[in-house]
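As a plain string of letters, each chain reads:
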Amino acid sequence: MSKQSFLADQGPGATLAAIRDTGPLVQNITNFVAMDLAANLLLSVGASPAMAHAGEEVEEFVTLASALTINTGTFTSDWLEAAVAAAAQAVATGTPWVLDPVGCGATKFRLANASRLAKMRPTIIRGNASEIAALSGASAQDSGGKGVDSTLAADAVLEQARRLALNSGAVVAVTGEVDLVTDGDAVLRVANGHMLLTRVTAAGCALTALTGAAAAVCKDPMRAARDALVIMGVAGERAAAVARGPGSFRVALLDALYNLESAQLDEEARLP
Ligand SMILES: Nc1ncnc2c1ncn2[C@@H]1O[C@H](COP(=O)(O)OP(=O)(O)O)[C@@H](O)[C@H]1O
Ligand SMILES: Cc1ncsc1CCOP(=O)(O)O
Ligand SMILES: [Mg+2]
């Protein structure tokens, strides 16, 4: 039987239900900041997280996992080589893999790392608007960015996102107040979310891990990316309704994800 279940064939609610039903193992090569939130977020939706980045084991791990995510947020050269080996193994085994090019416009090292990985047939690239612009080849002036944070709205980089999708073969998900997802041609938008998601570090990184879980159960990467955005956005809205600030929001976000009802998710999705 295939590692991938491909059960989800309807809306975001079906994708969430498929994650809960199958509990996909998602391997993450992610940054030190994000490891905790990303792992807890995957557990909250019913997936199984594993953080594994040692060069000695990454390829073996990919053979076990239903999806791989690679996040370049605190890379060193040895992590990069392990990530390259993991990505190659994912492609060889037909395992969906998601790239998060954290802060790739900030330094030459980050841009080189993210660009090398973007050429390795990721299934989905998920980043904020400044990251996607930088990875598409925009100048530092045009891509903006402040370290790992964006200074642009997602729609401002639509053409760069399209170009990146066409050049990489990946579906590109750009996050912001209104998120967009493109394969270079079609464009989907997701308007769910809350400003407090930008006040908790690694919310975007954790979303990338969730996108891996969605890709594990949903064959269509456009829909997998969209559904992960809806799940995160709706949970963010529900968490914000009970939070007193970023600290309680972080806890409420995990609770909201755990308690999300698939049937209601489709009703609360805002897909303009
Ligand atoms: N201004 C905003 N209003 C509502 N939701 C937002 C806003 N900015 C980002 N988000 C949401 O926060 C999550 C993380 O996105 P983002 O902050 O762009 O990524 P990153 O943390 O990688 O910079 C996404 O689910 C996105 O939809
Ligand atoms: C602060 C920071 N520094 C390096 S990685 C990281 C986390 C970034 O998380 P996100 O991309 O979700 O904002
Ligand atoms: Mg990020």
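For clarity, every value in this text was computed on a predicted model and none was experimentally measured. (Residues numbered from 1 in each chain as written. Chains lettered and ligands numbered in written order. Predicted model: local features only at pLDDT ≥ 70, side-chain atom pairs only at ≥ 80, totals over all residues. Heavy atoms only, no water.)

Colleague: Run through the pattern of salt bridges, naming residues and quoting values.
Modeller: Per the counting criterion, the structure on display carries eight salt bridges. Among the salt bridges present, the one from R116 reaches E81, with a minimum N-O distance of 3.0 Å. With R116 in helix α5 (residues 108-118) and E81 in helix α4 (residues 77-93), the pair connects residues that are 35 residues apart, well separated along the chain. Assessed through its relative accessible area of 43%, E81 is described here as partly exposed. Here R270 and E237 are joined by a salt bridge, their closest N and O atoms 2.4 Å apart. Of this pair, R270 sits in the segment after α12 (262-268) while E237 sits in helix α10 (residues 221-242), placing them 33 residues apart in sequence. Exposure remark for E237: the relative accessible area of 21% places this residue in the partly exposed category. (Salt bridge = Lys/Arg side-chain N within 4 Å of Asp/Glu carboxyl O. Helix = DSSP H or I, 4+ residues; strand = E, 2+ residues; numbered from the N terminus. Buried < 20%, exposed > 50% of the residue type's maximum accessible area, 1.4 Å probe, protein only.)

Colleague: Break down the packing of helix α2 (residues 35-45) against helix α9 (residues 203-217) for me, with residues and values.
Modeller: Contact pair α2 / α9: the axes reach a minimum separation of 8 Å and the direction vectors enclose 45°. The pairing of α2 with α9 is recorded here as oblique in orientation. Note that α2 runs across α9; the crossing there is right-handed. Together, L37, A38, L41, L42 and V45 of α2 and A203, A206, A209, L210 and A213 of α9 make up the contact between the two elements. (Axes fitted to C-alpha atoms, helices over the stretch in contact; angles between N-to-C directions. Parallel < 35°, antiparallel > 145°, perpendicular 65-115°, else oblique. Left-handed = near helix turned anticlockwise from the far one by under 90°. Contact = heavy atoms within 4.5 Å.)

Colleague: Which residues make up the site of ligand 2, and what values do they have?
Modeller: With respect to spatial proximity, the complete set of residues near ligand 2 consists of N31, V33, G73, V148, T201, A202, A203, G204 and C205. One of the backbone N or O atoms of A203 is found 3.5 Å from an oxygen atom in ligand 2. For the shell around ligand 2, a count of residues per class yields five nonpolar, four polar and no charged. (Near = heavy atom within 4 Å. Polar contact = N/O pair within 3.5 Å; in protein donor to acceptor, adjacent residues only side chain to side chain. Nonpolar A, V, L, I, M, F, W, Y, C, P; charged D, E, K, R; others polar.)

Colleague: Tell me about the pairing of strand β1 (residues 25-29), and please be specific about residues and values.
Modeller: Counting buried residues along β1, four of its five residues qualify, which places the element largely inside the surrounding structure. With α2 bridging β1 and the parallel strand β2 (residues 48-51), this β-α-β connection has right-handed handedness. Of the strand pairs in this sheet, β1 and strand β3 (residues 67-71) are connected by four bridges, and their pairing is parallel. Residue pairing in the sheet places V26 in a bridge with A67 of β3. (Right-handed = clockwise from strand over helix to strand, strands pointing away. Pairing = 2+ DSSP bridges.)

Colleague: Break down the sheet that holds β3 for me, with residues and values.
Modeller: Read from one edge of the open sheet, eight strands run β2-β1-β3-β4-β5-β6-β7-β8, paired in mixed fashion. If you trace the sheet from one side to the other, it starts and ends with β2 and β8 (187-190), each paired once. Each adjacent strand pair in this sheet contributes to an overall mean axis angle of 20°, direction not counted. Here β3 runs beside strand β4 (residues 97-100); their pairing, made up of four bridges, is parallel. Its bridge partner being in β4, I70 is matched across the sheet by L99.

Colleague: An account of the UniProt feature "binding site: ATP" (unreviewed entry) in the protein chain is requested, with residue identities and associated values reported.
Modeller: The UniProt feature table records "binding site: ATP" (unreviewed entry) at R126 and T175. In summary, the annotated positions, though distributed over 50 residues, converge in three dimensions, the widest C-alpha pair being only 7.6 Å. Note that R126 resides in strand β5 (residues 124-128). Ignoring anything within four residues of it in the chain, the contact list for R126 reads V98, L99, D100, P101, A173, T175, G204, C205, L207, T208 and T211. Looking at the element boundaries, T175 is found in strand β6 (residues 171-175). Those residues in contact with T175 that sit more than four places away from it in its chain are R126, G127, N128, A129, A154, L207 and L229. There is a polar contact of 2.8 Å between the side chain of T175 and the side chain of R126. (UniProt positions renumbered as here; feature names shortened; annotations may be inferred.)

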